[in-house]
Amino acid sequence: MNPSPTSIHLSLETGEVEITVLTPRLVHVRQAAGELMPRRSWAIPRADADFPAVPVERSESDAGITLKTDLVAVTVRRADGAVSFTNSAGRVFCADAQAPRVSGRGVHAARQAAPGERFYGFGERAGLLEKSGRLLTNWTTDPVRSHGPGVDPLYIAIPVYLSLQPGLCHAVYFNNTFHSEFDLRRLANRTAAEPAIMEWRADGGELDYYVVYGPTPAEALHGLTELLGRMPMPPRWALGYHQSRWSYQSADEVRQVADEFRSRQIPCDVIHLDIDHMDGYRNLTWNPQTYPDPAGLVAEMRSIGIRLVPIVDAGIKVDPAYRVYASGLQQDAFIRKADGSLAQYYVWPDDSVFADYLRPEVRDWWGSLFEEHARIGVEGIWTDMNEPVVFDKPFSQGGGGSGTLPLDAGQGPAGERTTHAEAHNLFGLGMAQATYEGMRRALGGRRPFVLCRSGFAGIQRWTASWMGDNDSWWEHLAMSLPQLMNMGLSGAPFVGVDIGGFGNEATPELFARWMQIGSLMPFCRGHSSAGTLPHEPWAFGAEVEQISRTYLALRYRLLPYLYTQFWKAHQCGTPIFRPLFFDFPQDAALADLNDQVMVGPLLMAAPVLQPGVRARAVYLPAGEWFDWWTGRRLTGGGWTWTEAPLDSMPLYVRAGAILPLGPAIQHTGERPLDELMLEVYPGEGEFTLYEDDGLTDACERGDYCQTHYRLHRRAGNLELEVWAREGSYQPPVRNVTVRFHGRVRLGEFSYTDDGTARHLRLGN
Ligand code: GLC
């Protein structure tokens, strides 16, 4: 018997079971065919032993053993190791429907589903928000281009889900990096007679999982990200608009694009440099003809408030004269096949090799390659093709396709050597980690921005994610909402899709609609494939250009609010772009709402996602709401019908909202937050504004500040209480305009914000 009071250790005929309580809401379950394996270094940031002991009550009977915290009880059956969880009210919320099977060849578990239980998360997926009825594979894959709503898997594999029942929510992380599946097909068309079962399978490893009890979605996400890790604060500029294209072919083209943004007064902070900026697709090089003076270009762009983010691919060109290849070879950094030869395959540079990012010394080597980029002022890196994907023939001969490395290729550090079968899903995660850590070291205190296509659970610790190669289809615009909302519910908040669609041509109307909702996505980037017509915001005529300008301007004005949401995500794992049930978990009508989204707790967008549509039905959860554009007050608790002409995306604010807005700017470095506007909507509410220098890691050492606002009714009047600013970071002394969207009229008040407390009587 294990002496630890917080864990159970059982030896069954079929193998070992270990259950450990990590926090009052977080429990780790492991079951192996024989002895339990030593912990893998790449799995999660915190080992069981890193969690301080929590009070646990233990009870035993002939049938089983139970561990109980204030929130949950977990019981394991002695006979077969089946596990079940109940909450403090005695409700079962997660239970084996039959004894789990773990053998040398794989893992199988069948979980009981409650009537009406809904399933979300699962990382990056096509299709709708709720996943009952689907077979979901965890295997990082570049799908054959042009994927439809049924395609699975995609680039990022996150074996995490969130279960929602009335009044009860929990999350699960299936800690197994082999090819695995969540099978929810037996949940479709549920009948009372049929047991509702969700199955998990994996092609190797152990049955190893964590259960996180809510009971609210916010608490479940908090607990989940306590385990998997949270997003570091990105630099503020990374919240601006990013413009990309495969590829801007020369420094002159980059200058032209930047000039267009500035002369047309469309806000922009970042231009991405796709593969053609390199010298023969050699990572971290520059084409000497088309990008002759990278340092000069980076500096010139910086002088007008634009940062360049170059791409770096997983495939490293085989070329003895190329320093990355040569130094990697010297370090023995590249993955080798089972026979010991280099795993050499085709990608953009034709013959390519792949670094084994599972090994810490390889990550260090890779990270050190970014010093030169950082030295010339590059602060962001885009990493790609890291599922990893390999081509069927050389790219120079028209190669493409979606193969990967051989499953028996060796990977991992000494002591934990494994094969690509266990490591495949981790390739993007490791590349993102190595890139982030290298950039962080190289930037010496400035925050890097990293973007990465593939990933696994915990990817948010290192990078923002985009959803890969979508198409300029209305279906993909519609899909982007459930896709990003589910990413957020899987722990990854800094996410976006290629605005306008990557493949094919957007119509002006599609682009306008995409820009409207895209402007509120946490990661906001327009990108398009080679061989398509230009997709910059001005490429679709004056009307669409104006729509792009309006919505990007709105994003920039919302930055104080959005930045605060990033802080919340950084601190608590709270998704930024999230389904309505996250904020209104009691409302059963929201469970399948695919086409509306909360952006933080105060704003709700209901974008138009079909062609020709100029009005739509919008569901408003209970409470009062205000139309963002007209200020009109609406009563929630049902559907409303609203006009949505091409230039307008329905957008709503919750009653009691205190929404901080900044001045209109063209880029985030234009001026500090020296002017603030508080849009205040009648009701009771609170908001805490977060601020820091936006650029350095000082915030991690506590150099930030927070201002707390509270809106409440006193003697018939609404009063805005501004608390004294807390924290060491000093924003400029500034004018604050309070715009009160009152019952009768819009009231404007202003005060000088020097960090001291004050009360404002706003009226009713
Ligand atoms: C991949 C990426 C895409 C990029 C292209 C060329 O398809 O997903 O964003 O433009 O490669 O690098």
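Residues numbered from 1 in each chain as written. Predicted model: local features only at pLDDT ≥ 70, side-chain atom pairs only at ≥ 80, totals over all residues. Heavy atoms only, no water.

Looking only at helices and strands, the protein chain features 13 helices and 48 strands. Over its C-alpha atoms the protein chain spans a radius of gyration of 26 Å, differing by no more than 12% from the 27 Å that the globule rule assigns to 764 residues. With the principal axes as the frame, the protein chain shows a C-alpha extent of 75 × 70 × 50 Å. Within the protein chain, contacts between residues separated by at least 24 positions form 69% of all contacts whose residues are at least 6 apart in sequence. Here the protein chain has roughly 26000 Å² of accessible surface; of this, 51% comes from carbon and sulfur atoms. If you average the places of the 70 positive and of the 90 negative side-chain charges in the protein chain, the two averages end up 4 Å apart. (Helix = DSSP H or I, 4+ residues; strand = E, 2+ residues; numbered from the N terminus. Rg over C-alpha atoms; globule rule 2.2 N^0.38 Å. Contact = heavy atoms within 4.5 Å. Areas by Shrake-Rupley, 256 points an atom, 1.4 Å probe, with all protein chains shown as cover. Lys, Arg positive; Asp, Glu negative; His and termini not counted. Charge placed at Lys NZ, Arg CZ, Asp CG, Glu CD.)

Close to the ligand lie Trp246, Asp274, Ile275, Ile311, Trp348, Trp382, Asp384, Arg453, Trp466, Asp469, Phe502 and His527, which account for all nearby residues. Here Asp384 contributes a side-chain N or O atom positioned 3.1 Å from an oxygen atom of the ligand. Within the side chain of His527, an N or O atom sits 2.9 Å from an oxygen atom of the ligand. Protein contacts shield 98% of the accessible area of the ligand, which totals 300 Å² for the unbound molecule. Of the residues contributing to the shell around the ligand, the split by class is seven nonpolar, one polar and four charged. (Near = heavy atom within 4 Å. Polar contact = N/O pair within 3.5 Å; in protein donor to acceptor, adjacent residues only side chain to side chain. Nonpolar A, V, L, I, M, F, W, Y, C, P; charged D, E, K, R; others polar.)

This brings us to empty space enclosed by the protein. Under the defined criterion, the tally for this structure stands at two cavities of 30 Å³ or more. Here the largest cavity is characterised by a volume of approximately 100 Å³. For the largest cavity, the lining is made up of 13 residues, of which Pro232, Pro234, Trp462, Thr463 and Phe494 are closest to its centre. For the lining of the largest cavity, the per-class residue count stands at eleven nonpolar, two polar and no charged. Size it by volume and the second largest cavity reaches roughly 50 Å³. For the second largest cavity, the full set of lining residues is Phe93, Cys94, Ala95, Arg111, Gln112, Glu117, Phe119, Tyr161, His170 and Met198. Along the lines of polarity and charge, the residues of the lining of the second largest cavity split into six nonpolar, two polar and two charged. (1 Å grid on protein atoms, 1.4 Å probe; cavity = no way out; pocket = protein on both sides within 12 Å on 5 of 7 lines; lining within 4 Å. Points joined across faces, edges and corners; volume = space filled by probe spheres on them.)

Another aspect to go through is the nonpolar core. Counting 209 residues, the largest nonpolar core has Tyr173, Ile316, Trp365, Trp366, Leu678 and Leu720 as the members making the most contacts within it. If we skip the residues at most four places from it in the chain, Ile316 touches Asn283, Tyr322, Val324, Tyr325, Phe334, Asp351, Ser352, Val353, Ala355, Trp365 and Trp366. The next biggest cluster of nonpolar side chains, apart from the first, holds 41 residues, and it includes Val56, Val72, Val83 and Cys94. (Core = buried A, V, L, I, M, F, W, Y, C linked by side-chain atoms within 4.5 Å. Buried < 20%, exposed > 50% of the residue type's maximum accessible area, 1.4 Å probe, protein only.)

What follows concerns the state of the cysteines. Tallied over the full model, the rule gives zero disulfides. The cysteine Cys94 is free of any disulfide, with Cys169 supplying the nearest cysteine sulfur at 12 Å. Note on Cys524: no disulfide assigned, nearest cysteine sulfur contributed by Cys268 at a separation of 9.4 Å. (Disulfide = S-S within 2.5 Å.)

In spatial order, the strands read β21-β23-β22; together these three strands make up an open sheet with antiparallel pairing. At either end of the open sheet lies a strand with only one pairing partner, and these are β21 (316–317) and β22 (345–347). Note: β22 against strand β23 (residues 350–353), three bridges, orientation antiparallel. Residue pairing for β23: Val347 is matched across the bridge by Asp350. (Pairing = 2+ DSSP bridges.)

All right, on to the side chain of Arg725 then. Topologically, Arg725 is positioned in the loop between β44 (717–722) and β45 (726–727). The exposure class assigned to Arg725 is buried, which follows from its relative accessible area of 16%. Discounting residues that sit within four places of it in the chain, Arg725 has contacts with Cys705, Gln706, Thr707, Gln730, Pro731, Arg734, Asp753, Asp754 and Gly755.

This brings us to unusual backbone geometry. In terms of backbone geometry, most residues other than glycine have negative phi values and most peptide bonds are trans. Cis rather than trans, the peptide bond between Gly214 and Pro215 has omega equal to 5 degrees. Looking at where Pro215 falls in the secondary structure, it is placed in the loop between β17 (207–213) and α1 (217–228).

All chains considered together, the criterion is met by 46 aromatic pairs. Where Tyr325 meets Phe334, the ring centres are 5.8 Å apart and the plane angle is 10 degrees; that geometry is what we call stacked. Phe334 carries the same exposure label as Tyr325, and that label is buried. Clustering of aromatic rings is evident, with ring pairs tying together Tyr325, Phe334, Phe354, Tyr357, Trp365, Trp366, Phe370 and Phe427. Looking at Arg525, its charged tip hangs above the ring of Trp466, at a distance of 5.0 Å from the centre. (Phe/Tyr/Trp six-rings, centres within 6.5 Å; stacked < 30°, edge-to-face > 60°. Lys NZ or Arg CZ within 6 Å of the ring centre and 35° of its normal.)

Further remarks concern the pairing of strand β43 (residues 705–714). Direction of pairing for strand β42 (residues 685–691) relative to β43: antiparallel, over a ladder of seven bridges. From the neighbouring strand, Tyr690 faces β43, where its bridge partner is Gln706. Two elements, β43 and β45, share two bridges in a ladder whose sense is antiparallel. By the bridge assignment for β45, Cys705 is matched with Gly727. With six bridges connecting them, β43 and β44 associate as antiparallel partners. Across the sheet, residue Arg713 finds its bridge partner in β44, namely Leu718. Connecting β43 to the antiparallel partner β44 that follows it, the hairpin turn spans two residues, and Ala715 within it adopts a positive phi of roughly 50 degrees.

Pairing is antiparallel in the open sheet, where seven strands are placed in the order β1-β2-β3-β17-β14-β13-β11. Taken across any chain shown, the strands that pair with only one partner, and hence form the sheet edges, are β1 (7–12) and β11 (118–123). Direction aside, neighbouring strands of the sheet carry axes that sit 15 degrees apart on average. Note: strand β3 (residues 26–32) against β17, six bridges, orientation antiparallel. Paired with Val29 across the two strands is Tyr209, which belongs to β17. (Axes fitted to C-alpha atoms, helices over the stretch in contact; angles between N-to-C directions.)

Following the sequence through the fold, Thr688 ends up in strand β42. Between the C-alpha atoms of Thr688 and Tyr709, which are 21 residues apart in sequence, the distance is 6.1 Å. Leaving out residues up to four positions away in the same chain, Thr688 has contacts with Thr564, Gln706, Thr707 and His708.

As a further point, take helix α9 (residues 474–489). Along its 16 residues, α9 runs 24 Å from first to last C-alpha, staying within 8% of the 22 Å computed at 1.5 Å per residue. Extensive coverage of α9 is indicated by the burial of 14 of its 16 residues. Positive phi shows up at Gly491, right after α9, with a value of about 105 degrees. (Expected span 1.5 Å × (residues − 1).)

Looking now at the pattern of salt bridges. The final tally for this structure, using the stated rule, is 54 salt bridges. Arg453 is the salt-bridge partner of Glu387, the closest N and O atoms lying 2.8 Å from each other. Of this pair, Glu387 sits in the loop between β24 (380–384) and β25 (410–411) while Arg453 sits in the loop between β27 (449–452) and β28 (464–466), placing them 66 residues apart in sequence. Given the relative accessible area of 1%, Glu387 is considered buried. (Salt bridge = Lys/Arg side-chain N within 4 Å of Asp/Glu carboxyl O.)

On to helix α8 (residues 427–443), then. Under the 1.5 Å per step criterion, the end-to-end length of α8 is 24 Å for 17 residues, consistent within 8% with the ideal 24 Å. The buried fraction of α8 amounts to 13 of the 17 residues, a majority that puts the element mostly inside the structure. Directly beyond the C-terminal end of α8, a positive phi value near 50 degrees is found at Gly444.

Along the polypeptide, Thr383 turns up in strand β24. Leaving out residues up to four positions away in the same chain, Thr383 has contacts with Val312, Met431, Thr435, Leu451, Cys452, Arg453 and Trp466.

Right, let's talk about the packing of α9 against helix α10 (residues 508–518) for a bit. Following both chains from N to C, one finds α9 and α10 inclined at 10 degrees, their axes separated by 10 Å at the closest point. The angle between the axes of α9 and α10 places the two elements in the roughly parallel class. Where α9 abuts α10, its residues Trp474, His476, Leu477, Ser480 and Leu481 lie against Glu509, Leu510, Arg513, Trp514 and Ile517. Of the residues in the contact of α9 with α10, the class split is six nonpolar, two polar and two charged. (Parallel < 35°, antiparallel > 145°, perpendicular 65-115°, else oblique.)

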